[in-house]
Amino acid sequence: MVTALKAGDQSAVAQLYDRYSSVVYAVALRVLGDTGAAEDVLQEVFLQLWRNPAAFDAARGTLGSWLAVIARHRAIDFLRKRKPETDLEDVIVSVSPDLAREADRSRAAEKVRGVIGAMPPPQRSALEMAYFEGLSHSEIAGKTGEPLGTIKTRIRTGLMTLRKAFQT
Amino acid sequence: MSTHEQFADDLALYAVDALTGEDRAAMETHLAGCSACRVELEQLRGDGALLALSTLGPKPPQRARQRLLDAVAKEPRVPARVAQTETRRSWWGVLGWAATAAAIVFAASLWKENAALKQTLASANAQATQSARELEDIRRIAAPIIEPEAQVVTVVALKAQPQPGGKAFYLRSRGSLVFLATNMPPLPPNKAYELWLIPKQGAAIAAGVFKPDANGRGTVINPPLPPGAEAKTFAITVENEAGSPVPTSPVVMIGAGE
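Just so you know, these numbers come straight off a predicted model, no measurement behind them.

A. Local environment of the overall build of chain B. Secondary structure assignment for chain B yields six helices and seven strands. Across the 258 residues in chain B, those meeting the buried criterion constitute 34%. Taking all contacts inside chain B whose residues are at least 6 apart in sequence as the whole, residues at least 24 apart take part in 67%.

B. Structural view of the sheet that holds strand β3 (residues 191–199) of chain B. Residue and element names in this part refer to chain B. Read across the sheet, four strands follow the order β4-β3-β6-β7 without closing on themselves; strand pairing throughout is antiparallel. The sheet terminates laterally at β4 (205–210) and β7 (251–254), the two strands that pair on one side only. In this sheet, adjacent strand axes meet at a mean angle of 25° when their direction is disregarded. The pairing of strand β6 (residues 231–240) with β7 spans three bridges and is classified as antiparallel.

C. Region of interest: the interface of chain A and chain B. Taken together, the 58 residues of chain A in the interface contact 47 residues of chain B. Taken together, the elements giving at least two residues each to the side of chain A that touches chain B come down to α2 (10–32), α3 (35–51), α4 (63–79), α5 (102–118), α6 (121–133), α7 (137–144) and α8 (148–167) of chain A.

D. Local environment of the packing of α2 of chain A against helix α4 (residues 62–73) of chain B. The N-to-C vectors of α2 of chain A and α4 of chain B enclose an angle of 155°; their axes lie 10 Å apart at closest approach. Here α4 of chain B runs roughly antiparallel to α2 of chain A, going by the angle between their axes. Crossing of α2 of chain A over α4 of chain B shows right-handed handedness. Residues Q10, V13, A14 and Y17 of chain A of α2 of chain A pack against R65, L68, L69, V72 and A73 of chain B of α4 of chain B. Tallied by class, the residues present in the contact of α2 of chain A with α4 of chain B amount to seven nonpolar, one polar and one charged.

E. Broad picture of the packing of α7 of chain A against α8 of chain A. All names here are of chain A. Put simply, α7 and α8 touch, their axes get as near as 9 Å, and they point 115° apart. Considering the angle they form, α7 stands roughly perpendicular to α8. When the axes of α7 and α8 are compared, the crossing they make is right-handed. Together, H137, S138, I140 and A141 of α7 and L148, I151 and K152 of α8 make up the contact between the two elements. Along the lines of polarity and charge, the residues of the contact of α7 with α8 split into four nonpolar, two polar and one charged.

F. Main features of the environment of V69 of chain A. All names here are of chain A. Examined against the element boundaries, V69 turns out to sit in helix α4. A tally of 24 C-beta atoms within 10 Å means that V69 is categorised as buried. It is 9.9 Å that separates the C-alpha atoms of V69 and A28, two residues lying 41 residues apart in sequence.

G. Local environment of the sheet that holds strand β2 (residues 176–182) of chain B. Residues and elements named next belong to chain B. Overall, antiparallel pairing links the three strands, which are arranged β1-β2-β5 in an open sheet. The sheet terminates laterally at β1 (165–171) and β5 (218–221), the two strands that pair on one side only. On average, each strand axis in the sheet is tilted by 5° relative to the strand beside it, whichever way the strands run. Relative to β5, β2 runs antiparallel, the two sharing four bridges. Of the residues in β5, the one forming a bridge with F179 is V220.

H. Fine view of unusual backbone geometry. All names here are of chain B. Although it is not a glycine, N190 sits at a positive phi angle of roughly 65°. Under the C-beta neighbour-count criterion, N190 is labelled exposed, with 8 such atoms within 10 Å. Backbone geometry places N222, a non-glycine residue, at a positive phi of 45°. Its location among the elements puts N222 in the loop between β5 and β6.

I. Spatial organisation of the nonpolar core. All names here are of chain A. Counting 98 residues, the largest nonpolar core has V24, A28 and A71 as its most contacted members. Here this core gets 14 residues from one element, more than from any other, and that element is α2. Among residues more than four places away in sequence, those in contact with A28 are A38, V41, L42, A71 and A75.

Rules and cut-offs
Residues numbered from 1 in each chain as written. Chains lettered and ligands numbered in written order. Predicted model: local features only at pLDDT ≥ 70, side-chain atom pairs only at ≥ 80, totals over all residues. Helix = DSSP H or I, 4+ residues; strand = E, 2+ residues; numbered from the N terminus. Buried ≥ 20, exposed ≤ 12 C-beta atoms within 10 Å, placed from the backbone. Contact = placed C-beta atoms within 7 Å. Pairing = 2+ DSSP bridges. Axes fitted to C-alpha atoms, helices over the stretch in contact; angles between N-to-C directions. Parallel < 35°, antiparallel > 145°, perpendicular 65-115°, else oblique. Left-handed = near helix turned anticlockwise from the far one by under 90°. Nonpolar A, V, L, I, M, F, W, Y, C, P; charged D, E, K, R; others polar. Core = buried A, V, L, I, M, F, W, Y, C linked by C-beta atoms within 7 Å.

Rendered as structure tokens:
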């Protein structure tokens, strides 16, 4: 499919959209909380893929994960009213499942939510503030009144917990 | 733990873009020279992607699909420019690097403008005519440079051995980059030198691969680069010949802005 996209096949865009638009839109909506803005991000992510399909390197990750991460980047850029700070080529996502099928994604999403739900609330909160609100570690520390070192450790431990859940 | 323990927490922050200021700069410096941490960074980004994939919500509105397809239809694909990986023959020496690079960058900018123009020209015939004219311009400009019989002489201090060297000519406003290397050591099979644009902020940006010719010369001309990337310096690593999106081996050459 990506090969067809690289060859300039416009129908490939439609097929990839049908497969991945729900995850891209969901991520954008989670970050932005606004359907209109999320739709703009959705549009931009797929247009970027159309314009520069080579930015996605199939050898180093899966398209579903890559699009989800791109959507998150662009939504946070939008949220913070800044120009895109991350180049598509810089976004490399290894190990994550592709989850092209809706049913697989629902199962995986449920599993992730279960893992997040089992985290201590301050850890979950720090991770979500960084990932979905685009806050820096010092902003999170300022918001929660906790030391920087604590925030750092919480975010790392949170990511490691997620990794372990999908390794078993 | 495959990464350096003292960077572990900061690496996780960096992976979710939560590291700022001096800590971020220090991390990027470390990452440029540490393949273990780069591998771990990819893993951490993958871990973060699970968070993104876990989001569920309403489906996008129906109109969004048609809006996208309409936009795609209005943007026929501009042929992708590929990093120049072929080495150039002996014509670099005659005019000197600066003049050569300037001519090439200028020629490339004409090409680039031509590509942009293609998008907006309404008629295919008009596009062809315009392309032909501008290609002819490029040929005319480059003609004094590309004569195959040009002689190349490297001048060095008496008794000194020629050292590997390279020059990057980077025109940020146009995204044009010409890199010329000389006296490069031969490479193992299936390996190539990869040029990296090291930005003032952010990760190293792949800027083309090249293999030196029998005389140790290599070039990279106008690799695909993100628009407006501000270069702090350039560096070279040895990678697989297809190139790598991130450096995976130690830096063998590095420079500073001139």
